[in-house]
Amino acid sequence: MKIDKEKKHYVGFILISGGSTWYQGDNIGKVATKAAKLARQDWKHLFKLKNHVFTVNIYDITELGDDKEWQMDYQRGMRCTKTDKKIELLKVVYAV
């Protein structure tokens, strides 16, 4: 008997100085690694980031659907745009 598991969907945020970088996908490790790679590309013109270890905040957005249903705010955190309900931090991952 085969049991179909619901595929999870995650977003990883890296908050850096006055901005952020994020990436979403179905594997926490890949999300963290890709977010770190993108952060290096996005911010290398302002910071020396070679071999920098990034703190990646991981959120489970499986229930939210596409990226138009969530938003990150520095003061209020991750929220659903439809219900304004706070989305709790799932875990913190460190990525190079």
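Numbering of residues begins from 1 in every chain and follows the order in which that chain's sequence is written. pLDDT decides what is reported in this predicted model: residues at 70 or higher carry local features, side-chain atom pairs at 80 or more are listed and counted, and totals for whole chains, interfaces and linings draw on all residues regardless. Side-chain numbers here rest on the full set of heavy atoms in the structure, without hydrogens or water.

The subject of this paragraph is the overall build of the protein chain. When its secondary structure is counted, the protein chain shows 1 helix and 6 strands. Start at the N end of the protein chain and walk to the C end: the helices and strands fall as β-β-α-β-β-β-β. Should any heavy atoms of two residues lie within 4.5 Å, those residues are considered in contact. Restricting the contact set of the protein chain to residue pairs at least 6 apart, pairs at least 24 apart contribute 53%. Taken as a whole, the protein chain presents about 6,800 Å² of accessible surface, with 50% of it coming from carbon and sulfur. Here Asp and Glu are counted as negative and Lys and Arg as positive; His is not counted, and neither are the chain ends. Charge coordinates come from a single atom per side chain, which is NZ of Lys, CZ of Arg, CG of Asp or CD of Glu. Distance from the positive charge centre (18 side chains) to the negative charge centre (12 side chains) of the protein chain: 9 Å. Where helices and strands are cited, they refer to DSSP runs of H or I of at least four residues and of E of at least two residues respectively, numbered from the N terminus. Here the accessible surface of atoms and residues is derived via Shrake-Rupley with a 1.4 Å probe, and residues count as covered only by protein chains that are part of the display.

Attention now moves to the environment of Asp-42. By secondary structure assignment, the location of Asp-42 is in helix 1 (residues 28-43). Expressed as a C-alpha distance, the spacing of Asp-42 and Leu-64, which sit 22 residues apart in the sequence, is 26 Å. Only 3.0 Å separates the side chain of Asp-42 from the side chain of Thr-21, close enough to count as a polar contact. Two N or O atoms count as a polar contact when they lie within 3.5 Å, although within protein this holds only if one can serve as hydrogen donor and the other as acceptor, and sequence-adjacent residues are included solely when both atoms are side-chain atoms.

Moving on, we get to the packing of aromatic side chains. Classification of ring pairs uses Phe, Tyr and Trp, with its six-membered ring standing for Trp, and accepts pairs whose centres are within 6.5 Å; under 30 degrees between planes counts as stacked, over 60 as edge-to-face, and the remaining range as tilted. Taken as a whole and judged by the stated rule, the model has 5 aromatic pairs. For the ring pair Phe-13 and Trp-22, a centre distance of 6.5 Å and an interplane angle of 35 degrees mean the geometry is tilted. For the pair Phe-13 and Tyr-59, a centre-to-centre distance of 6.3 Å together with 80 degrees between the ring planes defines the contact as edge-to-face. Of this pair, Phe-13 sits in strand 1 (residues 10-16) while Tyr-59 is found in strand 3 (residues 54-60), placing the two residues 46 residues apart along the sequence. Each residue is assigned to one of three classes by its accessible area relative to the maximum for its type, calculated with a 1.4 Å probe on protein chains only: buried under 20%, partly exposed between the two thresholds, exposed over 50%. Here Phe-13 falls in the buried class, since its relative accessible area comes to 2%. Take Tyr-59: its relative accessible area is 8%, and that puts it in the buried class. Joined through ring pairs, the aromatic side chains of Phe-13, Trp-22, Tyr-59 and Trp-70 make up one cluster.

Within this analysis, patches are made of residues with over 30% relative accessible area and no salt bridge. Like charges are joined at 9 Å or less; nonpolar side chains (Val, Leu, Ile, Met, Phe, Trp, Tyr) at 5 Å or less. For this document, the term salt bridge refers to a Lys or Arg side-chain nitrogen within 4 Å of an Asp or Glu carboxyl oxygen. The grouping of Val-53, Leu-89, Val-92, Tyr-94 and Val-96 at the surface amounts to a nonpolar patch, some 460 Å² of accessible area in total. Here Val-96 lies in the segment after strand 6 (91-95).

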